[in-house]
Amino acid sequence: MSEFPLDLPLRPRRNRKSAGVRALTRETRLSPDQLILPMFLHEDKNDQALESMPGCTRWSLDGMLREAEGALEEGVRAVVLFPKVEESDKSRTGEASFDDQGLIPKALRRLKKELPELVLITDVALDPYNSDGHDGILNDDGRILNDETVDVLVKQALMQAAAGADIISPSDMMDGRVGAIRDGLDFAGHTDVSILAYTAKYASAFYGPFRGALDSAPKNGDKKTYQMDPANAREALRELALDEMEGADMVMVKPAGPYLDVILRLREGTTLPIAAYQVSGEYLALKAASAGGWLNEKAAVLESLTGITRAGADMILTYFARDAARWLREDR
Ligand code: PBG
């Protein structure tokens, strides 16, 4: 007996008393079904482990196929592809982005043929193809030309759809691109190809390692005239309204962990499925702390993914997709 007996009919701890009761009362469940694996590709016969992103690889087409097959076996049903483009194929206007003999269309045709059930997502933006390292075309004063860029993005999306993309994902943040891509796809007969819009993509410091992996960092300036100010959340709702009107099938918040409030606001503001991108810097922060022995990697990663899901994300793009799928199965 306690020294000072409490008269306490309401005891929340009863719902935490055993693993079985905790499982019954759990509000958020993670599943491999919701995970999307980002994959880096290059024109090279060899796979290359990325020093700047330990645990990640830049894949050859053969390596990509094995990796995607492994992911699928572990329960990850979707991948998103990012190319590293040779400097000699880059230009100020990014023509290589819609070349149907490029790396991405080759990868799409191969994956579609060999793994028809895998969901293929492609990134639409010019930064890997643009000699200036920006998502859009620059004029001579260094300003991004919105409407001229959208023209090229539509061509890129059409090429990707023809090569087998299931979901087209514009990450460039130009105004009006979702509607233009939807019109373009429909006009070309690709009415079944979906658009996952990067609705609230922030000008984030957490993209650094990704730009290293693709050699796609801006040569000059930053991306603040198109990516959103990290201080803004209401503005995400404005982007949401436009993307919905323009025909997006799914919307995205990126990065994920530092923007859980934005995920929640979108959740409350839309019936569309929401994706969140746990980006390269978030991955590395967890990876480095785990490698240092300061965090338990499995527990910390699953907690981070649970938080993103609890905030309202239906899908998560994460470099931990394969690990997480395996860990979730282990815990069964
Ligand atoms: C570019 C793009 C970026 C990422 C995905 N698509 C980088 C950027 O906007 O500079 C970042 C992903 C990551 O950091 O993991 N369109």
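Along every chain, residues carry numbers that run from 1 in the direction the sequence is written. Note on the predicted model: pLDDT of at least 70 is required for a residue's local features to be given, and 80 or more for side-chain atom pairs to be given and counted; whole-chain, interface and lining totals, by contrast, use all residues. Values reported for side chains reflect all heavy atoms of the structure, with hydrogen atoms and water molecules removed beforehand.

S.K.: What's the story with the overall build of the protein chain in this structure? I'm lost.
M.R.: Secondary structure summary: the protein chain contains 11 helices and 10 strands in total. Here the globule rule is a power law, 2.2 Å times the number of residues to the power 0.38, and the radius of gyration is based on C-alpha atoms. The globule rule puts the C-alpha radius of gyration for 332 residues at 20 Å, and the 21 Å found for the protein chain is close to it. With respect to the three principal axes, the spread of C-alpha positions in the protein chain is 80 × 45 × 40 Å. Burial here depends on accessible area, computed with a 1.4 Å probe over protein chains only, as a share of the maximum for the residue type. Under 20% is buried, over 50% is exposed, and the range in between is partly exposed. Residues classed as buried in the protein chain amount to 54% of the 332 residues present. When checking whether two residues touch, look at their non-hydrogen atoms; a contact exists if any pair is within 4.5 Å. Within the protein chain, residue pairs in contact and separated by at least 24 positions form 76% of the contacts whose partners lie at least 6 positions apart. Accessible surface for the protein chain amounts to roughly 15900 Å². Of this, 50% is attributable to carbon and sulfur atoms. For the protein chain, the distance from the average position of its 41 positive side-chain charges to the average position of its 54 negative side-chain charges is 7 Å. Strands are runs of DSSP state E lasting at least 2 residues, helices are runs of H or I lasting at least 4, and numbering of each runs from the N terminus. Accessible surface is estimated by sampling points in the Shrake-Rupley manner with a 1.4 Å probe; for residues, cover comes only from the protein chains shown. This count recognises Lys and Arg as positive and Asp and Glu as negative, with His and chain-terminal groups excluded. By convention, charge coordinates are those of NZ in Lys, CZ in Arg, CG in Asp, or CD in Glu.

S.K.: What is the right way to read the site of the ligand from this model?
M.R.: Inspection of the region around the ligand gives 18 residues, with Ser171, Arg211, Lys223, Lys254 and Tyr319 positioned closest. Here a polar contact is taken to be a pair of N or O atoms separated by no more than 3.5 Å, where protein atoms must pair a possible hydrogen donor with a possible acceptor and residues adjacent in sequence count only if both atoms sit in side chains. Here a nitrogen atom of the ligand sits 3.1 Å away from a polar atom, N or O, in the side chain of Asp135. Tyr319 is positioned such that a nitrogen or oxygen atom in its side chain is 2.6 Å from an oxygen atom of the ligand. Class assignment for the residues of the shell around the ligand results in eight nonpolar, three polar and seven charged. Any residue with a heavy atom positioned within 4 Å of a molecule or strand is treated as near that molecule or strand. Polar here means any residue other than Ala, Val, Leu, Ile, Met, Phe, Trp, Tyr, Cys and Pro, which are nonpolar, and Asp, Glu, Lys and Arg, which are charged; Gly is therefore polar.

S.K.: Would you mind showing me how to read the packing of helix H8 (residues 260–269) against helix H10 (residues 297–311) here?
M.R.: A pair of packed helices can be characterised by two numbers: the angle between their axes and the separation between those axes. Where H8 contacts H10, the two axes come as close as 8 Å, and the packing angle between them is 35 degrees. Packed against H8, whose contacting residues are Leu260, Ile263, Leu264 and Arg267, the element H10 presents Gly307, Ile308 and Ala311 at the interface. Here the contact of H8 with H10 is composed, by residue class, of five nonpolar, one polar and one charged. Axes, fitted as lines to C-alpha atoms, cover a helix only where it is in contact. Angles between the N-to-C directions of the axes lie from 0 to 180 degrees.

S.K.: Can you walk me through the pattern of salt bridges in this structure?
M.R.: The working definition used for a salt bridge is a side-chain nitrogen of Lys or Arg within 4 Å of a carboxyl oxygen of Asp or Glu. Scanning the model with the defined rule gives 24 salt bridges in all. Between Asp33 and Arg77 there is a salt bridge, with its nearest N and O atoms 3.1 Å apart. Pair noted here: Asp33 is in the loop between helix H1 (19–25) and strand S1 (35–41) and Arg77 is in the loop between helix H2 (61–73) and strand S4 (78–83), with a separation of 44 residues, a long-range link. Assessed through its relative accessible area of 47%, Arg77 is described here as partly exposed. Measuring nitrogen to oxygen at the nearest pair gives 3.2 Å for the salt bridge that ties Glu43 to Lys106. Here Glu43, found in the loop between S1 and strand S2 (48–49), pairs with Lys106, found in helix H3 (residues 103–114); they are 63 residues apart in sequence, far enough to count as distant.

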